[in-house]
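Chain by chain, the residues:
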Amino acid sequence: MPIDAAKALAADPRHGDIGWDHKDIQLYHLGLGAGLPATDPDELRYTLESKLHVLPSFATVAGAGMAMMGGLAAPGIEVDLAAVLHGGQSIELHRPIPVKGRANSTAKVAAVYDKGKAAVIVLRTEVADADGPLWTSDAQIFVRGEGGFGGERGPSVTSQQPERAPDRVEERRIREEQALLYRLSGDWNPLHADPEFAKLAGFDRPILHGLCTYGMTLKAVVDTALGGDVSRVRAYRTRFAGIVFPGETLRIRMWQEPGRVLVSVTAVERDDAPVLADTVVEHA
């Protein structure tokens, strides 16, 4: 069924109350590969409740109500999950995320773009608690075969990668079971767990969640370029340029500039195949 862009954009925002506590945060961090070595003081900030801080990318799963999946059920949108890929993600932090919280979430379809052979749906979520705004996130959802409806093509946002060598290069191995653990934070798309579903979607085996790679990358930037201080992150955006499989290794290249870190992420075992591109962490 074709996407009805006008109907989707005119739909009323969806409101909901969300809540989280230290267990949700610890599970999310573990799903990103935190906790190795288990007694490392730097890792205990992600795993031990008495020392816990919150990686800002937790915003993508807070409340265990995936805005991406909910948005795909909005009026005017009826798509086959096998045709859906997460095209990009951005988060703007208004202040640090507390370890325990309750907040109101407002979600809407902010834009629908016609890319010809595909559609891109921008799902915007704004979250605020009693003290005011916490974060705003945009998920760019790429739906194969749903373009050609005559809509706007939309902006093309790219971040030029410096020609010089990166300031830092980090490698992060993805555990074989990591997608199975990460999905417990709320993204139940069978593409990341069911081999038969993955084959229907055109993959040899289940792929890792793009948002897991997104979180792993931010953790690497925070732990190295930002001195382990999550409160310095102001905004974070990426474009999902390719897939990565559990068991592979991420190569994370970082270029530090005033107020931001430019990042590229590739898959080591597949000759540095692109995974994340146009990736920027803005910081204090």
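The preceding data block contains the structure.
In what follows, the accompanying structure is described.

## Observations regarding the pairing of strand β4 (residues 118–129)
For a regular strand, side-chain orientation follows a simple rule: the groups alternate between the two sheet faces.
Next, step 1: Counting buried positions over the 12 residues of β4 gives nine, a clear majority of the element.
Next, step 2: As defined by bridge partners, strand β3 (residues 101–114) adjoins β4 across 10 bridges and the pair is classed as antiparallel. In the strand pairing of β4, D114 is matched with A119.
Next, step 3: Linking β3 to β4, which pair antiparallel, is a turn of three residues; within it G116 sits at a positive phi near 95 degrees.
Next, step 4: Summarising the sheet, β4 and strand β5 (residues 132–144) pair through 12 bridges and their orientation is antiparallel. The partner of A118 across the bridge, within β5, is R144.

## A closer look at helix α7 (residues 210–224)
Next, step 1: Between the first and last C-alpha of α7 there are 21 Å, a value that for 15 residues agrees with the 21 Å anticipated at 1.5 Å per step.
Next, step 2: Within α7, 13 of the 15 residues are buried, which leaves the element mostly enclosed by the surrounding structure.

## Looking at the packing of aromatic side chains
Next, step 1: All chains considered together, the criterion is met by six aromatic pairs.
Next, step 2: Judged by centre distance (6.1 Å) and plane angle (55 degrees), the rings of Y28 and Y182 are tilted. Separated by 154 residues along the polypeptide, Y28 in helix α2 (residues 22–31) and Y182 in helix α5 (residues 178–182) bring together distant segments of the chain. One exposure class covers both Y28 and Y182, and it is buried.
Next, step 3: Here the aromatic residues W20, Y28, F58, W135 and Y182 are joined through ring pairs into a cluster of three or more.
Next, step 4: The side chain of R205 reaches across the aromatic face of F245, ending 3.9 Å from its centre.

## Here we look at the layout of surface pockets
Unfilled space is identified by rolling a water-sized probe across the atoms.
Next, step 1: Looking at the largest pocket, its volume works out to about 1,000 Å³.
Next, step 2: Elements represented by at least two residues in the lining of the largest pocket include exactly β2 (84–93), β3, β4, β5, α7, β7 (233–240) and β10 (273–283).
Next, step 3: Split by residue class, the lining of the largest pocket holds 21 nonpolar, 16 polar and seven charged.

## A look at unusual backbone geometry
Next, step 1: Going from L36 to P37, the amide bond is cis rather than trans, its omega being -5 degrees.
Next, step 2: Notably, D272 is not glycine yet its phi reads approximately 60 degrees, a positive angle.
Next, step 3: Note that D272 resides in the loop between β9 (260–267) and β10.
Next, step 4: Given a relative accessible area of 26%, D272 falls into the partly exposed group.
Next, step 5: Backbone geometry places D278, a non-glycine residue, at a positive phi of 50 degrees.
Next, step 6: Within the secondary structure layout, D278 lies in strand β10.
Next, step 7: The class for D278 is buried, based on a relative accessible area of 15%.

Conventions used here
- Residues numbered from 1 in each chain as written.
- Predicted model: local features only at pLDDT ≥ 70, side-chain atom pairs only at ≥ 80, totals over all residues.
- Heavy atoms only, no water.
- Buried < 20%, exposed > 50% of the residue type's maximum accessible area, 1.4 Å probe, protein only.
- Helix = DSSP H or I, 4+ residues; strand = E, 2+ residues; numbered from the N terminus.
- Pairing = 2+ DSSP bridges.
- Expected span 1.5 Å × (residues − 1).
- Phe/Tyr/Trp six-rings, centres within 6.5 Å; stacked < 30°, edge-to-face > 60°.
- Lys NZ or Arg CZ within 6 Å of the ring centre and 35° of its normal.
- 1 Å grid on protein atoms, 1.4 Å probe; cavity = no way out; pocket = protein on both sides within 12 Å on 5 of 7 lines; lining within 4 Å.
- Points joined across faces, edges and corners; volume = space filled by probe spheres on them.
- Nonpolar A, V, L, I, M, F, W, Y, C, P; charged D, E, K, R; others polar.

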